[in-house]
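# Structural overview
Below, each chain spelled out in residue letters.
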Amino acid sequence: MKSMYWMFAVCGLVMMTGCSESKVEVPGTPDGTIVAVAQGLDSNQPEVIWAALPEKHKKDVKDLIVAFADQADQDVYEQGFAVFNKAGKLLASKKEFILNHPMVAAQKESIAPNYDVAVALFSDIGNSDIKTLEGLKKTDPGTFLADTGSKVMKKSKEIAKSVAPEAAKNKLDSFSGVKATVVKSEGDKATVKVTGADGKEHEEELTKIDGKWLPTDLVEKWDDQIKGAKEAISKYKLTPEQKTQALDAIKQLDATLDKMLAANSQDEFNAAVGEAMSKASALP
């Protein structure tokens, strides 16, 4: 479980944005921080990660989001998101056709119980502010995590528990009932004994920054990781040829989805899927 609470979310924070105020609070003590983060993740409150970060770290993440939004191609990004939303509409309106398609029918019994939850996931993400680059740039990671992030986390857990109950139980329950005790504390350093739900113990070294306690290894690697992310974003730029190829692919997918949406029978739907697969196989 070492550093899992922070690392779990830091990897995804650069793609976050927001809608509702977070009411999660993180204590100013090292042991209280670990317990609060674990309880938050166990209760589908990923915004606890944002609440646990110092202001400097929050600024770094926000700067990365803005850098990505400035560098990304608006047409490709937003037209791609529009197709994503259309795919969600297809999933919602053609459920029976999809479940009875020959490629899906054999797994229908395992797919059907999670189908509506998966459709809702599409809606949660597709209708959030990140569907436009301007929305991505303006919104706040903490408020996104409190709203869309919480919905996605809850639904993802539901699907995981249904598909692989034992594996999911072992991983998801790792946040439940976590206990923490300060072993030693001196200045801005502290060592905390963490006891997981399985009873296993380990010691976590934390460092205090601006009143917040973070795993020391995360603190030590943070600046280099942010620097590396900024460098990667600065190099991300589509050439005119790449943009044309991307928009052509999006256009083809959009047209295919329209045909599937227009299908009024299983045969029409299957034919549209077959045509789409044929075109896909012909792509370079």
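A few words on the sheet that holds strand β1 (residues 179-186). With respect to topology, four strands assemble into an open sheet ordered β1-β2-β3-β4, the strand pairing being antiparallel. Every interior strand has two partners, whereas the edge strands, β1 and β4 (212-215), have only one. Each strand of the sheet is rotated relative to its neighbour by a mean of 35°, with strand direction disregarded. Of the strand pairs in this sheet, β1 and strand β2 (residues 189-195) are connected by seven bridges, and their pairing is antiparallel. The residue bridging Ser 185 from the neighbouring strand is Ala 190, located in β2. The sheet strands contacting helix α2 (residues 30-42) are β1, β2, β3 (201-209) and β4, and the helix crosses β1 at an angle near 150°.

Okay, unusual backbone geometry next. Although it is not a glycine, Asn 44 sits at a positive phi angle of roughly 60°. Tracing the backbone shows Asn 44 in the loop between α2 and α3 (47-52). Of note in this structure, Asp 210 is not a glycine but carries a positive phi near 50°. Structurally, Asp 210 can be placed in the loop between β3 and β4. With a relative accessible area of 63%, Asp 210 lands in the exposed category.

With that settled, consider the packing of aromatic side chains. By the definition in use, this model includes six aromatic pairs. Each ring, one from Phe 68 and one from Tyr 236, has its centre 6.4 Å from the other, and the planes form 15°; the classification is stacked. Here Phe 68 is found in helix α4 (residues 55-71), whereas its partner Tyr 236 is found in the loop between α12 (216-234) and α13 (240-262), with 168 residues between them in sequence. When the centroid spacing of 4.7 Å and the interplanar angle of 15° are considered together, the rings of Phe 84 and Phe 122 count as stacked. Here the residue Phe 84 occupies a position in helix α5 (residues 74-93), and Phe 122 occupies one in helix α8 (residues 108-126), the gap between them amounting to 38 residues. Since its relative accessible area comes to 27%, Phe 84 is described here as partly exposed.

For the protein chain, per-residue confidence averages 88 on the pLDDT scale, and residues scoring 70 or more make up 87% of the total. Note that residues 1-21 has pLDDT below 50 and, in this model, 79 contacts with residues that lie over four places away or in other chains.

Running from N to C, α8 and helix α10 (residues 141-163) point in directions that differ by 160°, and their axes come no closer than 10 Å. With respect to each other, α8 and α10 are oriented roughly antiparallel. Here α8 and α10 pass one another in a crossing that is left-handed. When α8 is examined against α10, the residues Pro 113, Asn 114, Val 117, Ala 118, Ala 120, Leu 121, Asp 124 and Ile 125 are found in contact with a partner set consisting of Thr 148, Lys 151, Val 152, Lys 155, Ser 156, Glu 158, Ile 159, Ser 162 and Val 163. The residue makeup of the contact of α8 with α10, split by class, is nine nonpolar, four polar and four charged.

About the thresholds
- Residues numbered from 1 in each chain as written.
- Predicted model: local features only at pLDDT ≥ 70, side-chain atom pairs only at ≥ 80, totals over all residues.
- Heavy atoms only, no water.
- Pairing = 2+ DSSP bridges.
- Helix = DSSP H or I, 4+ residues; strand = E, 2+ residues; numbered from the N terminus.
- Axes fitted to C-alpha atoms, helices over the stretch in contact; angles between N-to-C directions.
- Contact = heavy atoms within 4.5 Å.
- Buried < 20%, exposed > 50% of the residue type's maximum accessible area, 1.4 Å probe, protein only.
- Phe/Tyr/Trp six-rings, centres within 6.5 Å; stacked < 30°, edge-to-face > 60°.
- pLDDT = per-residue confidence, 0-100.
- Parallel < 35°, antiparallel > 145°, perpendicular 65-115°, else oblique.
- Left-handed = near helix turned anticlockwise from the far one by under 90°.
- Nonpolar A, V, L, I, M, F, W, Y, C, P; charged D, E, K, R; others polar.

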